[in-house]
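# Structural features, examined
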Amino acid sequence: MNEANLTQAPNDTKSPASRKRLQEILGVLRRHRLTRGITPAKLREILEDLGPTYVKLGQIMSMRSDMLPEVYCRELTKLRTEVKPLPYSVVSSLIEEELKDTAENIFSWIDETPLGSASIAQVHPAILRDGTKVVIKIQRPSIKKIMQNDIVLLKRAVGILKLAMGTEDLIDFRTILDELWKTTQEEVDFIQEAANLDLFYTNQKDITYVTCPKVFHNLTTPRLLVMDYVDGIQIDEVKRLEELGYDMTEIGQKAAENYCKQILEDGFFHADPHPGNLWIAGGQIAWLDLGMTGRLTEHSKRLLKNAITAILEHDIYSLKNVLLAFGEPQDRINHARLYTDIDDILGRYMSVDFGTMRLGDLLERMLSLVKEHRLAITPDITLLSRSMITMEGTLAICSPEVNILEILSVHMSSLLLKDLDAKKLLTRKGRQLYASLDKSLDIPVQLSDLLNITKNGQAQLNLQVSDSEEIRLGITKIANRFILSLLSGAMFIGSGLIADIPTIPLWFGIPWISFLGYSISGVLMIILILRILFTPKK
């Protein structure tokens, strides 16, 4: 279903189901006393109580540091996805409905106790008739329709949502809801997740220490996903892994190295690399649950490499250009302030030892900078940023001494060396030299034309002044005060000259015109003094 179908869905706010759902939502909001204000923790609790659509909404919002304050983003990453599991009788009937056969004919055994039960689906271990161990991921009944109806309600309540949360223009809810619908369509389509697993497996097939579940496509439908069973241990179960002889530093380094490969080489990365999605199985790092992934174009990968190089070389000019290339300005850019802010951030982080520099802190500061300067960053880049922060947090748990920024820079250096081709380099530089020489021949002619234009009085100088709006406002204030001063002085002098004319009727012993002039002059003077004294100092 596309966006047009979503906005014109038949389940509108006038249907009984929608009215009932709306009453449920209002009941949750009343229970949490939304009118008394909202805190990050309260927002998380409300979203959890509202159900799967709102949990997903919160997860997406947690990745939009360019829109939401960082304190809210951190809190929303704690959203619980575990929910009460479906009864096995429901699971069994869903399996049979999807496979058009009885579960007993396909599986010799299905564990009735799920491995996990989330808002969209739950997972059960099973064994095929040929003895192969698998896991079955089955979607909750009607979950797509429920989420679709919730999104329709949310789209129609965007204004109320902003007012209730007191966010005004801080959060672009329409953009987030569009992103939510796109993500929902991907996550409730297990064919798409199967394709993600296939692509990930293909990208990592030459990496001996990395694996992911393989899909049984003949048993997979849009609402049912069957994968081989990964018998392993979560990466954060450090003590257990060390008892089995694993080197946690080596695991952390290899996990970080593979993650860097996903970003810089594949352009297809795991967007939610928390410890529950990284397991150690048979000496390999297994990446699980590829329902949430990110993609980077060749252009974005090149910009990302330029950004990392700029950070490491403390090149504020290159980094500023990368930020402007990544984002679309929503307002006039204050270039001087942007340079200063980038320099402040880099200066702070470059002063610490490279091995102790935290990528997460740096990214959070950069995202805050983007928000302050009203740059609209594409969702893929903000998704990558949150993913990198999550990955660094995972490494901090299992391998604290591993620094992802250090590995990222080493990986990028190796890529640059790999891409270095002396013949191609000489050819490219030769072309650049030829082009430069060709253009240099035009310089004398252009200089002669410029001198002739100047001599004839036709030269024009165009200046773009930084902070022009602030300067314009400042000049306007000064001009207004100057005009007030002139008017006040003129009225005072004119009133004094008129005071000697005896034929004009008197007010309070002076000609009434003079009295009026003195009064206006005094009022103008008082206004001028008040403006000078009470103008806010920046």
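About the criteria used
- Along each chain, numbering runs from 1 in the same order as the chain's sequence is written.
- Where totals are concerned, whole chains, interfaces and linings use all residues; where local detail is concerned, this predicted model gives features only for residues with pLDDT of at least 70, and gives and counts side-chain atom pairs only at 80 or more.
- Side-chain measures here rest on the full set of heavy atoms in the structure, leaving out hydrogens and waters.
- The way it works is that DSSP assigns letters per residue, a run of H or I at least four long becomes a helix, a run of E at least two long becomes a strand, and they are numbered from the N terminus.
- Partly exposed residues are those whose accessible area sits between 20% and 50% of the maximum for their type, while under 20% is buried and over 50% is exposed, using a 1.4 Å probe and protein chains only.
- What makes two residues a contact is simply this: any of their non-hydrogen atoms within 4.5 Å.
- Areas reported as accessible are Shrake-Rupley estimates using a 1.4 Å probe. Residue values count occlusion only from the protein chains shown.
- UniProt positions are given in the numbering used here, feature names are shortened, and annotations may be inferred rather than shown by experiment.
- Here the expected length of a helix is defined as 1.5 Å per residue gap, with one fewer gap than residues.
- Arc definition: directions from the helix axis to the C-beta atoms.
- Two N or O atoms form a polar contact when they lie within 3.5 Å of each other; inside protein one atom must be a possible hydrogen donor and the other a possible acceptor, and for residues adjacent in sequence the pair counts only when both atoms belong to side chains.
- Note on pairing: DSSP must find at least two bridges between two strands before they are called paired.
- Lines fitted to the C-alpha atoms define the axes, with helices restricted to the stretch that makes contact. Angles between their N-to-C directions range from 0 to 180 degrees.

## Some words on the overall build of the protein chain
Looking only at helices and strands, the protein chain features 23 helices and 15 strands. Burial statistics for the protein chain: of 538 residues in total, 42% are counted as buried. Long-range contacts, defined here as pairs at least 24 residues apart, represent 66% of the contacts in the protein chain between residues at least 6 apart. Accessible surface, the protein chain as shown: approximately 29800 Å² in total, 58% of it carbon and sulfur.

## Describing the UniProt feature "transmembrane region" (unreviewed entry) in the protein chain
Under the UniProt annotation, the feature "transmembrane region" (unreviewed entry) is placed at residues 482–504 and 510–534. Across residues 482–504 one finds 74% helix and 0% strand; the C-alpha atoms that close the span lie 31 Å apart. A distance of 34 Å separates the end C-alpha atoms of residues 510–534, which is 92% helix and 8% strand.

## Structural notes on helix α11 (residues 190–203)
Taking 1.5 Å as the rise per residue, α11 with 14 residues should run 20 Å; its terminal C-alpha atoms sit 20 Å apart, in good agreement. When we look at burial in α11, the residues that qualify are F190, E193, A194, N196, L197 and F200. The arc that holds every buried residue of α11, seen down its axis, measures 155°, which confines them to one face. Sitting at the head of α11, D189 places a side-chain oxygen 3.1 Å from the backbone nitrogen of I191.

## Concerning the environment of L408
Note on placement: L408 falls in helix α19 (residues 404–419). Given the relative accessible area of 3%, L408 is considered buried. The sequence separation of L408 and K261 amounts to 147 residues, and the corresponding C-alpha distance is 8.9 Å. Residues contacting L408, with those up to four places away along its chain left out, are C260, L264, I308 and M388.

## Some points on the sheet that holds strand β5 (residues 210–211)
On the basis of which strands lie adjacent, the open sheet formed by four strands has the order β5-β10-β9-β7 and mixed pairing. Where the open sheet ends on each side, the last strands, each with one partner, are β5 and β7 (233–234). Strand direction decides the pairing type here: strand β9 (residues 278–281) and strand β10 (residues 284–287), joined by four bridges, are antiparallel. Looking at the pairing, A281 lines up with Q284 of β10. With respect to the sheet, helix α13 (residues 248–266) is in contact with β5, β9 and β10, its orientation differing from that of β10 by roughly 50°.

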